[in-house]
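Breakdown of the fold
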Amino acid sequence: MIITEQPDPRIKEMFRKSIFSKKFLLKEKQSGNIIKLKNKTWFIDRQAFTNTQEWLQIRNYFLENGFYFEEYSDYIELLKQYIQTIDRDTTEEYAI
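Conventions and cut-offs
Residues numbered from 1 in each chain as written. Predicted model: local features only at pLDDT ≥ 70, side-chain atom pairs only at ≥ 80, totals over all residues. Heavy atoms only, no water. Helix = DSSP H or I, 4+ residues; strand = E, 2+ residues; numbered from the N terminus. Buried < 20%, exposed > 50% of the residue type's maximum accessible area, 1.4 Å probe, protein only. Salt bridge = Lys/Arg side-chain N within 4 Å of Asp/Glu carboxyl O. Pairing = 2+ DSSP bridges. Contact = heavy atoms within 4.5 Å. Axes fitted to C-alpha atoms, helices over the stretch in contact; angles between N-to-C directions. Phe/Tyr/Trp six-rings, centres within 6.5 Å; stacked < 30°, edge-to-face > 60°. Lys NZ or Arg CZ within 6 Å of the ring centre and 35° of its normal.

Its place among the elements puts Q81 in helix 4 (residues 75-95). Looking at Q81, the relative accessible area reads 12%, which means it is buried.

The subject of this paragraph is the pattern of salt bridges. This model, assessed by the stated rule, comprises three salt bridges. Its salt-bridge partner being E13, residue R16 comes within 3.2 Å of it at the nearest N-O pair. Classification of R16 as exposed rests on a relative accessible area of 56%. The class of E13 is exposed, set by a relative accessible area of 53%.

Moving on, we get to the sheet that holds strand 1 (residues 2-3). Here we have four strands laid out as an open sheet, ordered 2-1-3-4, and parallel in their pairing. Edge positions in the open sheet fall to strand 2 (19-20) and strand 4 (68-72), since each of these has one partner strand only. Here strand 3 (residues 41-45) pairs with strand 4 via five bridges, running parallel. Residue pairing in the sheet places F43 in a bridge with E70 of strand 4. The sheet contacts of helix 3 (residues 52-64) involve strand 3 and strand 4, and relative to strand 4 the element is tilted by about 150°.

Okay, the packing of aromatic side chains next. Evaluated as defined, the whole model comprises nine aromatic pairs. Centroid distance F20 to F24: 4.7 Å. Interplanar angle 25°. Geometry classified as stacked. Given the relative accessible area of 24%, F20 is considered partly exposed. Judged by relative accessible area, F24 falls into the partly exposed class, the value being 24%. Ring geometry for Y61 against F62: centres 6.3 Å apart, planes inclined by 55°, an arrangement best described as tilted. Using a relative accessible area of 0% as the deciding quantity, one classes F62 as buried. Directly above the aromatic system of F49 lies the positively charged group of K22, at a separation of 5.4 Å from the ring centroid. Above the face of the Y61 ring, K29 is positioned so that its terminal group lies 5.1 Å from the ring centre.

Shown next, in the form of structure tokens:
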């Protein structure tokens, strides 16, 4: 799940069904429905959170509740993290 406010058109094309807004994230957290999404890998655009306190609340919530997330600040970084996550998951599957 990619959380961003202004996805790059190339990213939007590649990850069409995986992009959600910060508003969606906050709404799901507030309603408690976010726990149903705990098994997802979250890529969070740090620039979507201009308020540091708001970001720290989300970050702490994810850490305290065992969510797997990566924060990124540009799309190249997002792609690198996405590839590393897929590679790590694939490696773990074959190791079992």
